[in-house]
Amino acid sequence: MTAQDPCSRRPRRTALAALSATLLLAALPAAAERVALTFDDLPVNGALAPGTTEDAIARATIAVLKARHVPGVYGFLNGARLEDHPDGAEALRLWVAAGFDLANHTYGHHDLGEVSVERFVEDIRQNEPLLDLLQPPARTRWFRYPYLREGDTLAKRDAVRAALVTRGYRIAQVTLDYEDYLWNSAYARCVAHPDPAALAWLHDSYLELAAGYLDAGREAARELVGRPIDHVLLLHLGAYSATILPELLDLLERKGFTLATLEEVSRDPIYALNPNLASRDGGTLLEQLLEARQRKFPAAPAKPYAAIERACAKPPAG
Ligand SMILES: [Zn+2]
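By convention here, each chain's residues receive numbers from 1 onward along its written sequence. Local features in this predicted model are restricted to residues whose pLDDT is 70 or higher, and side-chain atom pairs enter the listing and the counts only when it is 80 or higher, whereas totals over whole chains, interfaces and linings include all residues.

## Digging into the overall build of the chain
Here's step 1: Under the scheme used here, helices are H or I runs from DSSP no shorter than 4 residues and strands are E runs no shorter than 2 residues, and both carry numbers assigned from the N terminus. Check the secondary structure of the chain and you find 11 helices and 7 strands.
Here's step 2: Contact between two residues is assigned whenever their backbone-derived C-beta positions fall within 7 Å. A separation threshold of at least 6 residues defines the contact pool for the chain, and within that pool the share at least 24 residues apart is 85%.

Here is the structure:
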C-alpha cells in the first residue's frame, strides 16, 4: 500500500519518518560499544583498612562481578605483591576458582622508563612460574605494561615488544582509564577513621571522573578512527573496588556500553595499531595514538589528585 502512495504524500511521510528516526535516536544510547573490564595489580592495589584482608577484598569484588554477570574478567598479577602479604595467595585462589583469568603485569611492577630492557624482560619471566602454578596455560597469554609505559625510546619499545612475541604474549591495551587506583587507599583511610562527608565526596568524585573519562575515551576513538570502538577499561583491585563497582556498572549501562571479554573486544582492528611512540609518560592506546599524531586528547574533567590525598589524611602532628 505505501509503495503506491501518491507523490503528494511523500513530503509528509518523509517528515514523519525523519521525526521517528530522530525520536528513536534520542531514545537510544549514543552508541553500543562493548567494554571489557580488567583489574591490575592483583592480588591487591593500595592500602587496606585495618582488619581487612586481601582475600576479603577479592571475595567481595568477585561477588559483585558474579552477581552482575560480568564476563571473562582478567586480573593482571604482580608476583612481588605476595612477598609481604601471604593472604594474597588466597585472594588469587578465589579469583581463579570464580572462573576469572590471570595475566602478566610483571613480577615487580617496574617502570620500563627506569630499567633496562633486559631487567624488564626478566621481570616478565619471573612472574610466569606463579601464573603457571595458579592457572593452566591460558588460551591467550596477555601482558599489560606497568603504568601503561611501553618504552621511553623506540629501541626499548621495539625490543620489549619482540620479547613479548617470542614469549607468546599479546599486549592487553587499555582505552579507558581514569586512574581509579587513587580512590583505593583514600577509601581505606576513610573507613579506618569514619568520615561520612569524605566518603560521600570519594563516591561522587569517582563517578564524576569515570563519567567524564568514558565520554572522552569515546570521543578520542571517534577522532582517531571515525567510528565507535570496543573498549578496554583499566581498573585496579583494591579497597574501594567492591563498594563502587555496582554503581560503575550502572554508569556503564546508562552510557550504553555492553560488557564483553578482553578477547572479544580485542578483535576490534584498532588494537592492531602500534603507535610507535617513544614516551616517558606512556598512556592508553588512544592517548598514545593521538600523541603520535600530535593531536590532543579530548577535554576531560581534572583529576582531583590533591583532594584525594587530603581525604581522611591524618592531621599534622602537634
Ligand atoms: Zn599496575
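Still to come is the rest of the account.
## Topic: the pairing of strand E6 (residues 231–238)
Here's step 1: Counting buried positions along E6 gives 8 out of 8 residues, so the element sits mostly inside the fold.
Here's step 2: To sort residues by exposure, count the other C-beta atoms lying within 10 Å of each residue's C-beta; 20 or more gives buried, 12 or fewer gives exposed, and values between give partly exposed, all with C-beta atoms placed from the backbone. Residues of E6 alternate between two faces, with His231, Leu233, Leu235 and Leu237 on one and Val232, Leu234, His236 and Gly238 on the opposite face, all of them buried.
Here's step 3: Think of it this way: DSSP has to see at least two bridges between two strands before they count as a pair. Alignment of strand E1 (residues 34–45) against E6, held across 7 bridges, turns out to be parallel. By the bridge assignment, Asp40 is partnered in E6 with His236.

## A closer look at the packing of helix H2 (residues 54–67) against helix H3 (residues 87–97)
Here's step 1: Axis definition: a line fitted to C-alpha atoms, over the contacting stretch in the case of helices. Angles run 0 to 180 degrees between N-to-C directions. Packing of H2 against H3 leaves a shortest axis separation of 7 Å and a crossing angle of 20°. Between H2 and H3, the crossing angle belongs to the class labelled roughly parallel. Considering only the axes of H2 and H3, their crossing is right-handed. Listed contacts from H3 to Glu54, Asp55, Ile57, Ala58, Arg59 and Ile62 of H2 are Asp87, Gly88, Glu90, Ala91, Leu94 and Trp95.
Here's step 2: Note that Gly is not counted as nonpolar here; it falls among the polar residues with everything else outside the nonpolar set of Ala, Val, Leu, Ile, Met, Phe, Trp, Tyr, Cys and Pro and the charged set of Asp, Glu, Lys and Arg. Residues that form the contact of H2 with H3 fall into these classes: 6 nonpolar, 1 polar and 5 charged. Between 65 and 115 degrees an angle is taken as roughly perpendicular, under 35 as roughly parallel, over 145 as roughly antiparallel, and anywhere else as oblique. We call a crossing left-handed when the near helix sits turned anticlockwise from the far one by less than a right angle, and right-handed when that turn is clockwise.

## Things to note about helix H8 (residues 241–254)
Here's step 1: A helix is expected to reach a length of 1.5 Å times the quantity of its residues less one. Given a rise of 1.5 Å per residue, 14 residues ought to cover 20 Å, and the 19 Å separating the end C-alpha atoms of H8 matches this to within 8%.
Here's step 2: Every buried residue of H8 is accounted for by Ser241, Ile244, Leu245, Leu248 and Leu252.
Here's step 3: Positive backbone phi, approximately 90°, marks Gly256, located one or two places after H8.

## Focus on the nonpolar core
Here's step 1: Each nonpolar core reported here comprises buried Ala, Val, Leu, Ile, Met, Phe, Trp, Tyr and Cys residues connected via C-beta atoms within 7 Å. Within the largest apolar cluster, 73 residues are counted, with the highest numbers of intra-cluster contacts made by Val35 and Ala186.
Here's step 2: Among the elements that make up this core, the one with the highest residue count is helix H7 (residues 196–225) (8 residues).
Here's step 3: When residues no more than four places from it in sequence are discounted, the contact partners of Ala186 are Leu202, Ile308, Ala311 and Cys312.

## Quick word on the environment of Glu208
Here's step 1: Within the secondary structure layout, Glu208 lies in helix H7.
Here's step 2: Judged by the 13 C-beta atoms lying within 10 Å of it, Glu208 is partly exposed.

## Description of helix H10 (residues 285–292)
Here's step 1: Counting buried residues in H10 gives 6 out of 8 residues, a clear majority hidden from the surface.
Here's step 2: All buried positions along H10 are accounted for by Leu285, Leu286, Glu287, Gln288, Leu289 and Leu290.
Here's step 3: On the buried face of H10, the contacting elements are H7.

## A look at unusual backbone geometry
Here's step 1: Between Leu42 and Pro43 the backbone carries a cis peptide bond, its omega angle lying at 10°.
Here's step 2: Within the secondary structure, Pro43 sits in strand E1.
Here's step 3: For His69, which is not a glycine, the phi torsion comes out positive at approximately 55°.
Here's step 4: Phi angles above zero are rare outside glycine, and Leu148 is one such case at about 55°.
Here's step 5: Within the secondary structure layout, Leu148 lies in the loop between strand E4 (141–143) and helix H5 (154–166).
Here's step 6: Using a count of 19 C-beta atoms within 10 Å as the deciding quantity, one classes Leu148 as partly exposed.

## Examining the environment of Val265
Here's step 1: With respect to the helices and strands, the residue Val265 is situated in helix H9 (residues 262–265).
Here's step 2: Distance in space between the C-alpha atoms of Val265 and Asp230 is 5.1 Å, their sequence separation being 35 residues.
Here's step 3: What Val265 contacts, discounting residues up to four positions off in sequence, is Arg34, Val35, Ala36, Asp230, His231, Val232 and Ala260.

## Some remarks on the environment of Ile229
Here's step 1: In this fold, Ile229 is placed in the loop between H7 and E6.
Here's step 2: C-beta crowding within 10 Å serves as the criterion here: with 24 such atoms nearby, Ile229 is assigned to the buried category.
Here's step 3: As for Ile229 and Ala32, which are separated by 197 residues in sequence, their C-alpha atoms are 9.1 Å apart.
Here's step 4: Once you skip the residues sitting within four places of it in the chain, Ile229 turns out to touch Glu33, Thr175, Ala221, Asp268 and Ile270.

## Comments concerning the packing of H7 against H8
Here's step 1: Between H7 and H8, whose axes approach to 11 Å, the crossing angle comes to 30°. The chirality of how H7 crosses H8 is right-handed. Along the contact surface, H7 presents Tyr206, Leu207, Ala210 and Ala211, while H8 presents Ile244, Glu247, Leu248 and Leu251.
Here's step 2: When its residues are assigned to classes, the contact of H7 with H8 shows 7 nonpolar, no polar and 1 charged.

## Considering the pairing of strand E3 (residues 101–104)
Here's step 1: Along E3, one buried face is formed by Asp101 and Ala103 and the opposite face, lined by Leu102 and Asn104, is buried too.
Here's step 2: Relative to E3, strand E2 (residues 74–77) runs parallel, the two being bridged by 4 bridges. The partner of Gly75 across the bridge, within E3, is Leu102.
Here's step 3: Chirality of the crossover, the property in question, places the unit of E2, H3 and E3 among those that are right-handed. Handedness of a crossover is defined as follows: with both strands directed away from the viewer, a clockwise route from the first strand across the helix to the second makes it right-handed.

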